[in-house]
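# Overview (structure and organization)
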Amino acid sequence: MQKDNASDLEKTSTQHDLHRGLKARHITMIAIGGAIGTGLIIGTGSALARAGPASVLISYSVVGFLVYLVMCALGEMAAWLPLGSGFTGYANRFCDPALGFALGWTYWFKYIIVTPNQMTAGALVISYWIDRDRVNPGVWITIFYVTIIFINYFGVRLFGEFEFWLSSFKVITIVGIMIMSLVFALGGGPSHDRKGFRYWKDPGAFGEYIDEGATGRFLALWSTFVTATFAYLGTELVGVTVGEAQNPRRTIPRAIRLTFFRIVFFYILCVFLLGMIVPYNSERLTFATKQAAGASASPFVVAVLEEGVKGLDHVINACILLFVFSASNSDLYIASRTIYGLACEGKAPAFLAKTDKRGVPIYALGLSSLFGLLAYMNVAEDSTTVFGYFVNLVTIFGILTWISILVTHIYFVKARKAQGVTDEMMPFVAPLGRGGSIGALTGCCIIAVFKNFNVFTPGSYGTWDYKNFITGYLGIPVYLILIFGFKLWYHHMYHVTSSIRPQDADIFSGKAAIDQEEERFLARQAAKPKPKGMKRIYKKYIAWLF
């Protein structure tokens, strides 16, 4: 009975089709563009100032490995059955419709909150050049707002192409910043000071936070795990694009496999070099971490100022502005596709599942766009504090998304083995399998529970910080209420009383149609001439980076 119900939930998605307009290069760049953002280029500053270079390197490495396991788990399911409803559909069919319901709505909450927050950040970045007293931030928010709606409205092809070039620019910017950092570390800057690992010795590799001694160093290390988690949030958004991906059986696993190398190259190497060129006790760094956004808050600009390079701060600020714009654009896209997927499954109003002739879910896009108006709260100067709390909410919703993906994968592996689907039959298999997902699930749960540990320590705030406690943990009861509320309220509709048994999980519905579509696509690709010259060199040796 549960299998039939799960199939019924997905049937509506075949009546309202998204268009598979995202090419392989679009998917791979959306995957990396979702991960590279202000969390890396700005957020690392506060982590470095609080905990020191070794702590930042350790936390980014550990969380990066967790993210890789999450992506592998998602990739295994997406390659087998690319659903337009993304990972909410997998939770619904392989694990428990209640989990799919909770995951979909919390993920949508995350993106309708982070979209206006990104637009606000864009206005704050511009204020580095034009003070808010001269031009009201609402002007820049309006420009951002209208532009991202325009890009999302005119189809997935425009969105994919736009995000491809913006994400490519992100990659080039990060590579340029890493080269600059290496040059500074080796004494190639204007000061000709060969820093090397000097700052690892003085002031040291580990900072102290809240307490002193070994306890303070441990708390400092743990505090950077939260920063690292926020920096990596968004990597999983490639799972929402599978419904609009061309040849998803090939493009999704490829994007997943390259995630590991990109994490090592862009994140771990970047924070490693940062720790070599900026001392964590720098007065400039302490000042920068108190800024809301913009170049003044970036630790890499602190490195530029320490080195005495003039004018480069404006270049980095312009790059940050494009980073934020790209993020707000993709955030609105993900929000609209998430609520669309929920509507396809009957867990949101049916009209949100309708698409126009270009395959754009216009009603889902319209509803998600309305929440962008929250950005205008930041026209008032004191409302930036409110959005600081929103960022706290985004982080917990993001961790809960990773937890849900891992739980779904654990159930999926049990289901496919119970139904005779072996590893050899799979287009892509997570390298560490079910055990890797269990380990990553444990790590994510620990981070979720203890991520706001500082609200429990009087030394960090002086008094009980109930506001950060509420925003830091509100997502957990909301998530649990959605799960158990669904079970109670919709029991008479779906007859769901427990999670789906492995032998009853619906892992085949819709697969035959996708197989046929893939065969037609591969036939068209085989008829095209093979790339030659520079195109062949790019595809073979450079494309992995992009």
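Everything here concerns the structure above.
Please read these numbers as outputs of a predicted model, since none were measured by experiment. (Residues numbered from 1 in each chain as written. Predicted model: local features only at pLDDT ≥ 70, side-chain atom pairs only at ≥ 80, totals over all residues. Heavy atoms only, no water.)

Our focus in this paragraph is the overall build of the protein chain. Looking only at helices and strands, one finds 24 helices and 0 strands in the protein chain. Among the 546 residues that make up the protein chain, the fraction classed as buried is 58%. Residue pairs in contact within the protein chain that sit at least 24 positions apart in sequence constitute 82% of those at least 6 positions apart. In the structure as shown, the protein chain presents an accessible area of about 22100 Å², 65% of it carried by carbon and sulfur atoms. (Helix = DSSP H or I, 4+ residues; strand = E, 2+ residues; numbered from the N terminus. Buried < 20%, exposed > 50% of the residue type's maximum accessible area, 1.4 Å probe, protein only. Contact = heavy atoms within 4.5 Å. Areas by Shrake-Rupley, 256 points an atom, 1.4 Å probe, with all protein chains shown as cover.)

Moving on to the environment of Ala-73. Checked against the element boundaries, Ala-73 lands in helix α5 (residues 53-80). Remark: the alpha-carbon pair of Ala-73 and Thr-408, spanning 335 residues in sequence, is separated by 8.6 Å. When neighbours within four sequence positions are excluded, Ala-73 is seen to be in contact with Leu-406, His-409, Ala-430 and Ser-437.

Once that is clear, we can look at the packing of aromatic side chains. On inspection of all chains with the given rule, the structure shows 23 aromatic pairs. Both rings, one in Tyr-107 and one in Tyr-111, keep their centres 4.9 Å apart while their planes meet at 65°; by these two values the pair is edge-to-face. Note that Tyr-107 and Tyr-111 are positioned in helix α7 (residues 97-126) at a spacing of 4 residues, about one turn of the helix. Ring geometry for Phe-469 against Tyr-473: centres 5.4 Å apart, planes inclined by 50°, an arrangement best described as tilted. Placement of both Phe-469 and Tyr-473 in helix α20 (residues 466-473) is noted, with a separation of 4 residues, approximately one turn of the helix. Taken together, the aromatic side chains of Phe-101, Trp-105, Trp-108, Phe-109, Phe-371, Phe-397 and Phe-486 make up a single cluster linked through ring pairs. Taking the ring centre of Tyr-209 as reference, the NZ or CZ of Arg-50 above it sits at 5.6 Å. (Phe/Tyr/Trp six-rings, centres within 6.5 Å; stacked < 30°, edge-to-face > 60°. Lys NZ or Arg CZ within 6 Å of the ring centre and 35° of its normal.)

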